[in-house]
Protein chains: 2
Amino acid sequence: MNPETTELLARRERVLSPSYRLFYEQPIHAVRAQGCWIEDADGQRYLDAYNNVPVAGHCHPRILAAMAQQGGVLNTHTRYLTELPVLLAERLLATLPEPLGKVVLTNSGSEANDLAIRISRLMTGQRGVIVTDCAYHGTSDLLQGMSPVTGLPLGPDVYAIQMPLVPVGPEQFAALVSGAIERMEADGVMPAALIVDTIFGSDGVIADPAGFLAGGVQAIRKAGGLFIADEVQPGFGRTGAGMWGFTRHGVVPDMVTTGKPMGNGQPVAALIMRDTLATEFSKIQRYFNTFGGSSVSCAAALATLDVIDDEGLIDNAARMGKRLMAGLSPLIAASPLLTDLRGAGLFIGVQTVSGEIAAAIVNALRRGGVLIGAAGRGNAALKIRPPLAISESETGQLLEAFARAVNEVQRSNK
Amino acid sequence: MNPETTELLARRERVLSPSYRLFYEQPIHAVRAQGCWIEDADGQRYLDAYNNVPVAGHCHPRILAAMAQQGGVLNTHTRYLTELPVLLAERLLATLPEPLGKVVLTNSGSEANDLAIRISRLMTGQRGVIVTDCAYHGTSDLLQGMSPVTGLPLGPDVYAIQMPLVPVGPEQFAALVSGAIERMEADGVMPAALIVDTIFGSDGVIADPAGFLAGGVQAIRKAGGLFIADEVQPGFGRTGAGMWGFTRHGVVPDMVTTGKPMGNGQPVAALIMRDTLATEFSKIQRYFNTFGGSSVSCAAALATLDVIDDEGLIDNAARMGKRLMAGLSPLIAASPLLTDLRGAGLFIGVQTVSGEIAAAIVNALRRGGVLIGAAGRGNAALKIRPPLAISESETGQLLEAFARAVNEVQRSNK
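Residues numbered from 1 in each chain as written. Chains lettered and ligands numbered in written order. Predicted model: local features only at pLDDT ≥ 70, side-chain atom pairs only at ≥ 80, totals over all residues. Heavy atoms only, no water.

**Q** Got a minute to help me understand the overall build of chain A in this structure?
**A** From N to C terminus, chain A includes 12 helices and 15 strands. Computed over its C-alpha atoms, the radius of gyration of chain A comes to 21 Å, within 12% of the 22 Å expected for a compact globule of 414 residues. Oriented by its inertia axes, the alpha-carbon framework of chain A measures out at about 60 × 55 × 45 Å. Split into buried and exposed, the 414 residues of chain A put 65% on the buried side. (Helix = DSSP H or I, 4+ residues; strand = E, 2+ residues; numbered from the N terminus. Rg over C-alpha atoms; globule rule 2.2 N^0.38 Å. Buried < 20%, exposed > 50% of the residue type's maximum accessible area, 1.4 Å probe, protein only.)

Take a look at the structure:
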């Protein structure tokens with residue numbers, strides 16, 4: 001290891017909480033990034049096929065210029081009347097179906113999900129929340145109990161459904177949700193909400209069949225609960241099929257949350273909800289978030305929306321996603337270590353036979369200059385999730401490196 | 001009202017959740033800001049004596065330059081090894097006494113406080129939390145139950161002490177904390193933590209006598225609980241007596257949280273804790289925060305620390321605070337509407353006879369071109385809290401406007 005890297009690792013261990021973990025057997029000592037590429041302290045470049053925050057590519061000049069311009073003029077909060085949070089809310093709502101009509105701006109998807117759960121409980125007068133068994137919804141005390149993928153126990157009144165990795169239709173998904181409702185009702189708990197990441201990223205990426213979510217949404221509503229679409233991962237064009245993951249399923253959520261990609265790296269997030277929910281909630285509680293909706297964060301989010309439109313990133317996600325799927329498909333058919341290919345747009349899951357194999361492929365790819373991750377039960381699914389701006393030649397490089405890494409792991413596994 | 005302002009208000013009502021509220025009878029339509037001044041859409045300039053986020057002044061060029069520079073190079077998270085979060089943690093720890101030794105970076109004071117409470121409960125194995133009766137600690141579901149100033153009920157296992165507005169010594173403060181411990185123990189709840197804003201901002205600004213906190217800290221520790229210093233408001237030099245509010249009280253907290261001023265407007269916050277707490281916590285839980293510790297946010301925080309040092313802002317807070325106190329003192333002695341003057345550095349509270357009078361003075365000052373706020377029981381205390389960069393001539397303008405506003409309210413109140 002580079003001596004600078006060794007020294008920085010030691011400094012990090014001294015001052016940062018050990019609750020933080022670094023990726024990879026050999027951590028990446030990142031010193032710069034541009035587009036879909038991250039460069040380390042040794043000058044080695046990595047194709048970033050993992051990070052879903054820099055949706056328009058790392059260090060996008062237009063988004064940076066918008067932030068710098070706004071930073072020099074005004075950066076303040078929502079207790080003064082300013083145009084940018086209003087403009088941002090208008091732009092977000094223009095991408096969303098009625099009756100989704102009111103916006104709250106926060107700093108993180110965690111803050112947005114935390115508030116969504118609170119509102120669902122206040123508005124239904126019920127407590128029960130349904131999540132999937134590998135769900136991740138955020139870092140707050142409330143949400144850690146709704147994020148079983150962390151290994152922590154479910155929170156009070158939280159019930160998990162076992163998400164199958166084989167495709168389920170709307171009826172089967174409805175039956176899963178109804179089963180959770182029955183279990184909670186047997187405990188005397190009534191349902192407040194079903195919250196799911198609409199591409200089930202931490203469950204191992206479960207996109208198909210499009211439409212299966214609808215059954216669960218019907219089931220939760222029939223039982224008096226709300227449907228919260230956690231769009232922190234699939235939102236902002238990731239699936240290549242419009243701005244939001246839920247549209248592939250033909251449903252309209254009661255609340256939508258977004259975060260990670262929203263400011264291409266700037267901390268900005270949002271909760272968008274039905275008008276009536278916002279109105280009723282505001283009768284019993286105020287909500288203010290110091291940095292939520294601050295001018296520079298809004299400028300970053302508006303510029304990100306502009307870049308997604310002007311650079312055709314949703315179309316690109318659809319086209320590059322198809323290329324990747326087409327290129328991965330024969331590799332999966334040919335390898336005994338890989339069992340399934342799932343996903344939509346540029347959110348792709350490759351099922352492997354075990355968490356050990358997935359980790360070996362992730363680390364082999366890292367040595368081969370491509371960054372991906374693992375997710376799902378036992379971390380056995382590979383998670384491929386590049387910036388939406390990835391090019392044809394970069395997808396080609398990714399596929400070549402992937403084939404080499406799988407071969408390498410197959411050979412060493414014999 | 002300016003027709004543009006009327007139109008923007010209507011647009012805002014259409015798209016932002018009504019749970020947001022605007023300041024003042026006539027909201028400020030802010031279009032730009034610089035130093036201690038905010039300008040509205042009519043070109044009217046306001047001396048900002050309220051905002052504790054732009055601690056170095058609005059739109060500080062050096063902090064903006066640091067953000068823009070870093071934004072063009074790298075903006076990524078703590079799962080890669082990067083220098084900036086390490087450097088920021090080192091810089092923060094250099095301002096803090098041992099055994100405070102480990103840092104977690106978040107986006108907001110809310111996220112930092114939420115995690116601090118979680119850790120205090122996990123590490124003590126107890127649930128009871130003590131807050132003051134007008135406390136505000138954040139927006140998350142957990143923290144709203146620890147923020148009685150919002151008017152919401154206390155959360156489960158949360159106990160409030162009635163904070164007197166007359167000065168209390170360490171023994172009296174110890175008795176208040178012990179009383180809360182007795183009440184919780186009578187309910188079968190054992191204490192996990194005492195959390196206070198060390199300048200008691202939302203309680204109406206209670207700074208003196210310096211040292212009174214020590215009694216309560218002893219009491220909570222004797223009962224097996226931890227002391228969390230919420231430095232979101234007093235931290236980063238606000239009190240003019242070093243970086244942190246707790247130092248005036250001669251105590252060393254088990255955990256310290258900071259947020260608002262940390263990035264001069266950029267969403268960045270931190271939890272700093274004893275080494276052993278971080279080590280033990282990390283054995284049972286991981287913690288990752290997507291934007292927490294991201295490169296641009298760290299660059300903003302590092303530049304803010306540089307500016308505080310290089311521009312001597314802590315000294316300035318001490319000197320300008322003294323000038324304001326000296327100027328306010330005769331006004332309070334002369335007015336039947338004003339009953340007390342409290343504070344430290346540039347965090348000043350002026351007690352008025354009622355919330356109506358406080359609101360009338362706040363609105364008269366707004367018409368007179370100066371922005372302040374109200375806080376405390378019944379919102380009867382005026383809260384004066386300018387950027388730490390306020391100049392001598394600006395404090396003079398503030399005092400003149402204050403005297404005029406009080407006279408105006410006195411006349412109309414006869």
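Still to come is the rest of the account.
**Q** How should I be thinking about the relation of the copies chain A and chain B in this particular structure?
**A** In this arrangement, two copies of a chain are superimposed by a rotation about an axis accompanied by a shift along the axis. Take chain A, turn it by 180°, move it 0.0 Å along the axis, and it overlays chain B with an RMSD of 0.0 Å. In symmetry terms, the pair is related by a two-fold rotation axis. A symmetric contact is evident, with 100% of the interface residues of chain A recurring at the interface of chain B. (Least-squares fit on C-alpha atoms with pLDDT ≥ 70 in both. Contact = heavy atoms within 4.5 Å.)

**Q** Honestly, the pairing of strand β7 (residues 191–197) of chain A in this entry has me stumped. Any pointers?
**A** Two faces belong to every sheet, and in a regular strand the side chains alternate between them. Residue and element names in this part refer to chain A. Where burial is concerned, most of β7 is hidden: seven out of the seven residues are buried. Pairing of strand β5 (residues 128–132) with β7 involves three bridges; the strand directions are parallel. Bridging across to β7, glycine 128 finds its partner in proline 191. Pairing between β7 and strand β8 (residues 226–230): five bridges, direction parallel. Bridge pairing links isoleucine 195 to isoleucine 228 in β8. Once the chain exits β7 it traverses helix α7 (residues 213–222) before rejoining the sheet at β8, and the crossover so formed is right-handed. (Pairing = 2+ DSSP bridges. Right-handed = clockwise from strand over helix to strand, strands pointing away.)

**Q** Explain the interface of chain A and chain B to me, please; I cannot follow it from the model alone.
**A** Quoted interface sizes are often the accessible area lost when the parts come together. Every contact between the two is made by 88 residues of chain A and, on the other side, 88 residues of chain B. Carbon and sulfur atoms supply 58% of the area that chain A and chain B bury against each other, a total of about 7800 Å² over both sides. Three residues, Tyr80(A), Leu81(A) and Phe291(A), lead the burial of chain A against chain B; their summed loss comes to 11% of the area buried on that side. Inspection of the region where chain A meets chain B yields four salt bridges. (Buried area = accessible area lost by both parts, 1.4 Å probe. Salt bridge = Lys/Arg side-chain N within 4 Å of Asp/Glu carboxyl O.)

**Q** Help me out: how do you make sense of the packing of aromatic side chains in this one?
**A** All names here are of chain A. Applying the stated criterion across every chain, the model contains 14 aromatic pairs over all chains. Ring centres 5.3 Å apart and planes at 80° place the aromatic pair phenylalanine 173 and phenylalanine 212 in the edge-to-face group. A residue pair is termed long-range when its members are at least 10 positions apart, and phenylalanine 173 in helix α6 (residues 170–186) and phenylalanine 212 in the loop between β7 and α7 qualify at 39 residues. The exposure class of phenylalanine 173 is buried, given its relative accessible area of 0%. (Phe/Tyr/Trp six-rings, centres within 6.5 Å; stacked < 30°, edge-to-face > 60°.)

**Q** Honestly, the domain arrangement of chain A in this entry has me stumped. Any pointers?
**A** Residues and elements named next belong to chain A. Partitioning chain A into domains gives domain 1 (3–56 + 312–412) and domain 2 (61–310). Relative placement of domain 1 and domain 2: their C-alpha centres are 25 Å apart. Every contact between the two is made by 30 residues of domain 1 and, on the other side, 34 residues of domain 2. Roughly 2400 Å² of surface becomes buried between domain 1 and domain 2 when both sides are summed, with 58% attributable to carbon and sulfur atoms. (Domains from an automatic or database assignment.)

**Q** What am I meant to see in the pattern of salt bridges here?
**A** Think of it this way: side chains of opposite charge can pair up when their charged atoms draw near. Counted by the stated rule, this structure contains 33 salt bridges over all chains. One connected set of salt bridges, linked through shared partners, spans Arg62(B), Arg91(B), Asp306(B), Asp309(B) and Asp310(B).

**Q** I would appreciate a short explanation of the pairing of β5(A) in the present structure.
**A** Residues and elements named next belong to chain A. Among the five residues in β5, five count as buried, and that is most of the element. Burial of the side chains of β5 extends over both faces: Gly128, Ile130 and Thr132 are buried on one face and Val129 and Val131 on the other. Relative to strand β6 (residues 158–161), β5 runs parallel, the two sharing four bridges. Along β6, the bridge assignment pairs valine 131 with alanine 160.

**Q** What should I look at first to understand the sheet that holds strand β1 (residues 30–34) of chain B in this one?
**A** To summarise the sheet geometry, strands pair through backbone hydrogen bonds and adopt either a parallel or an antiparallel arrangement. Residues and elements named next belong to chain B. The four strands are arranged β1-β2-β3-β13 in an open sheet whose pairing can be described as mixed. Either end of the sheet is taken by a strand with one partner, and the two such strands are β1 and β13 (370–371). Of the strand pairs in this sheet, strand β3 (residues 45–48) and β13 are connected by two bridges, and their pairing is parallel. Its bridge partner being in β13, aspartate 48 is matched across the sheet by leucine 371. Those strands touched by helix α12 (residues 392–412) are β2 (37–40), β3 and β13, and its axis lies near 100° from that of β3. (Axes fitted to C-alpha atoms, helices over the stretch in contact; angles between N-to-C directions.)

**Q** Explanation requested: the packing of α6(A) against α7(A) in the structure shown.
**A** Axis angle and axis distance: for two packed helices, these are the angle between their axes and the distance between the axes, and together they describe the pair. Residue and element names in this part refer to chain A. One way to put it is that α6 packs onto α7 with a least axis distance of 6 Å and a crossing angle of 35°. You can see that α6 and α7 cross each other, and the crossing is right-handed. Each of Pro170, Phe173, Ala174, Val177, Ser178 and Ile181 in α6 lies in contact with α7, whose residues at this interface are Leu213, Gly215, Gly216, Ala219 and Ile220. By residue class, the composition of the contact of α6 with α7 is eight nonpolar, three polar and no charged. (Left-handed = near helix turned anticlockwise from the far one by under 90°. Nonpolar A, V, L, I, M, F, W, Y, C, P; charged D, E, K, R; others polar.)

**Q** What is the right way to look at the sheet that holds strand β4 (residues 100–106) of chain A in this model?
**A** Residues and elements named next belong to chain A. Strand order across the open sheet formed by seven strands is β4-β10-β9-β8-β7-β5-β6, with mixed pairing between neighbours. In this open sheet, the two strands that pair with only one neighbour each are β4 and β6. The sheet shows a mean angle of 20° between the axes of neighbouring strands, direction not considered. The pairing of β4 with strand β10 (residues 269–274) spans six bridges and is classified as antiparallel. Paired with leucine 105 across the two strands is alanine 270, which belongs to β10. Strands in contact with helix α8 (residues 275–284) are β4, β8, β9 (255–258) and β10; relative to β10, the strand with the most contacts, it is inclined by about 100°.

**Q** Got a minute to help me understand the packing of helix α4 (residues 109–124) of chain B against helix α8 (residues 275–284) of chain B in this structure?
**A** Residue and element names in this part refer to chain B. Relative orientation of the contacting elements α4 and α8 amounts to 85°, with a least axis distance of 10 Å. For the element pair α4 / α8, the angle class is roughly perpendicular. Along its contact with α4, which presents Leu115, Arg118, Ile119, Leu122 and Met123, the element α8 presents Leu277, Glu280, Phe281 and Ile284. Looking at the contact of α4 with α8 residue by residue, the class counts come to seven nonpolar, no polar and two charged. (Parallel < 35°, antiparallel > 145°, perpendicular 65-115°, else oblique.)

**Q** Help me understand the environment of Arg79(B) in this model?
**A** Of note, Arg79(B) is situated in the loop between α2 (61–71) and α3 (83–94). Along the primary structure Arg79(B) and Phe402(B) are separated by 323 residues, whereas in three dimensions their C-alpha atoms are 50 Å apart. Setting aside anything within four residues of it in sequence, one finds Arg79(B) in contact with Arg21(A), Leu22(A), Phe23(A), Tyr50(A) and Phe288(B).

**Q** Is there a simple way to explain the environment of Gly292(A) in this structure?
**A** All names here are of chain A. With respect to the helices and strands, glycine 292 occurs in the loop between α8 and α9 (295–310). Under the relative-accessibility criterion, glycine 292 is labelled buried at 0%. C-alpha separation for the pair glycine 292 and threonine 78, spaced 214 residues apart in sequence, amounts to 7.8 Å. Excluding its chain neighbours within four sequence positions, the residues that come into contact with glycine 292 are Thr78, Leu105, Thr106 and Asn107.

**Q** When you look at unusual backbone geometry in this model, what are you seeing that I'm missing?
**A** Trans is the prevailing form of peptide bonds, just as negative phi is the prevailing case for residues other than glycine. Following Asp208(A), the chain continues into Pro209(A) via a peptide bond in cis, with omega recorded as -5°. If you trace the backbone, Pro209(A) turns up in the loop between β7 and α7. Positioned with a positive phi, Asn264(A) is a non-glycine residue whose angle comes to about 55°. Residue position: Asn264(A) is located in the loop between β9 and β10. Looking at Asn264(A), the relative accessible area reads 10%, which means it is buried. The backbone of Asp157(B) sits at a positive phi, close to 70°, despite the residue not being glycine. Mapped onto the secondary structure, Asp157(B) falls in the loop between α5 (141–144) and β6 (158–161).

**Q** Looking at this structure, I do not really get the environment of Asn289(A). What am I missing?
**A** Examined against the element boundaries, Asn289(A) turns out to sit in the loop between α8 and α9. Since its relative accessible area comes to 3%, Asn289(A) is described here as buried. Here the alpha-carbon distance between Asn289(A) and Arg79(A), two residues 210 residues apart in the chain, equals 9.6 Å. With residues up to four places along the chain from it excluded, the contact list for Asn289(A) reads Leu105(A), Thr106(A), Asn107(A), Glu111(A) and Thr139(B). A distance of 3.1 Å separates polar atoms of two side chains, one belonging to Asn289(A) and the other to Tyr287(A). A polar contact is formed between the side chain of Asn289(A) and the backbone nitrogen of Gly292(A), at a distance of 3.0 Å. (Polar contact = N/O pair within 3.5 Å; in protein donor to acceptor, adjacent residues only side chain to side chain.)

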